[in-house]
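For reference, the chains in residue letters:
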Amino acid sequence: MAATDRWEDCLKGADIMVEASRLAKPEPLFKTEWIKPGAFVVPYGTMSAVELSLTDVMDKMVVDDWGQCRKGLPFGALRAHVDSDRLSEANLHAELGEIVAGMKSGRERDDETILFWHRGLSLSDIALGAALSRRRLCWGIGQTLRFR
């Protein structure tokens, strides 16, 4: 597959759409009209590359931790959506942990369009670090660092 400079060529009609740009300022380069029913959409940039209408086409909106998404915080792909109440605690379907724990539903239909705003959950970093530390003990590799 050839490389392209056009976002539409990469995103339009995809089943899984991940926006991970590193823009200097918000710029709506990811168009809502490219999202097909049933898509899984993950805006991940520090500055928004999505249109405000993005949340209008979602059946479910999920975040990893609402505390990291709420109003009054800087940055994030959906900051304008939160600040304008297009994404709020009232219309949030679930936090990721609620779905994983079976407290809330995940995908229920093939045509369900789902938005996941991953803010970077430090809890997952801790769990991954613990798992890697256990593995390194099993493998007999690595070293202990002293912190002063």
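Residues numbered from 1 in each chain as written. Predicted model: local features only at pLDDT ≥ 70, side-chain atom pairs only at ≥ 80, totals over all residues. Heavy atoms only, no water.

### Section: the side chain of serine 21
Within the secondary structure, serine 21 is located in the loop between β1 (16-19) and β2 (40-43). On the accessibility criterion, serine 21 (11% relative accessible area) is buried. (Helix = DSSP H or I, 4+ residues; strand = E, 2+ residues; numbered from the N terminus. Buried < 20%, exposed > 50% of the residue type's maximum accessible area, 1.4 Å probe, protein only.)

### Some details on the packing of aromatic side chains
For the structure shown, the criterion picks out one aromatic pair. Taking 6.5 Å as the distance between ring centres and 15° as the angle between the ring planes, the aromatic pair formed by phenylalanine 40 and phenylalanine 116 counts as stacked. Of this pair, phenylalanine 40 sits in strand β2 while phenylalanine 116 is found in strand β5 (residues 114-117), placing the two residues 76 residues apart along the sequence. For phenylalanine 116, a relative accessible area of 13% translates into the label buried. (Phe/Tyr/Trp six-rings, centres within 6.5 Å; stacked < 30°, edge-to-face > 60°.)

### What about the nonpolar core?
Membership of the largest hydrophobic core comes to 22 residues, with the highest contact counts inside it found for Met17, Phe30, Ile35, Val41, Leu54, Leu87 and Trp117. Sorting the residues of this core by element identifies β3 (60-63) and β5 as the ones contributing at least two each. Not counting the four nearest positions on each side in its chain, leucine 87 is found in contact with Met61, Val63, Trp66, Leu78, His81, Val82, Leu92 and Trp117. (Core = buried A, V, L, I, M, F, W, Y, C linked by side-chain atoms within 4.5 Å. Contact = heavy atoms within 4.5 Å.)

### Side note on the pattern of salt bridges
Between side chains of opposite charge, pairing is possible as soon as their charged atoms come close. All told, the structure shown has 13 salt bridges when counted by the stated rule. The shortest N-O distance in the salt bridge between glutamate 8 and lysine 12 comes to 3.5 Å. Looking at lysine 12, the relative accessible area reads 52%, which means it is exposed. Each of Asp59, Lys60, Glu108, Arg109, Asp111 and Glu112 takes part in one network of salt bridges that share partners. (Salt bridge = Lys/Arg side-chain N within 4 Å of Asp/Glu carboxyl O.)

### Let's talk about the pairing of β1
On β1, burial follows the alternation: Met17 and Glu19 on one face are buried, whereas Ile16 and Val18 on the facing-out side are not. With four bridges connecting them, β1 and β2 associate as parallel partners. For valine 18, the partnering residue across the bridge sits in β2 and is valine 42. (Pairing = 2+ DSSP bridges.)

Function cannot be inferred from these measures alone, as they are strictly geometric.
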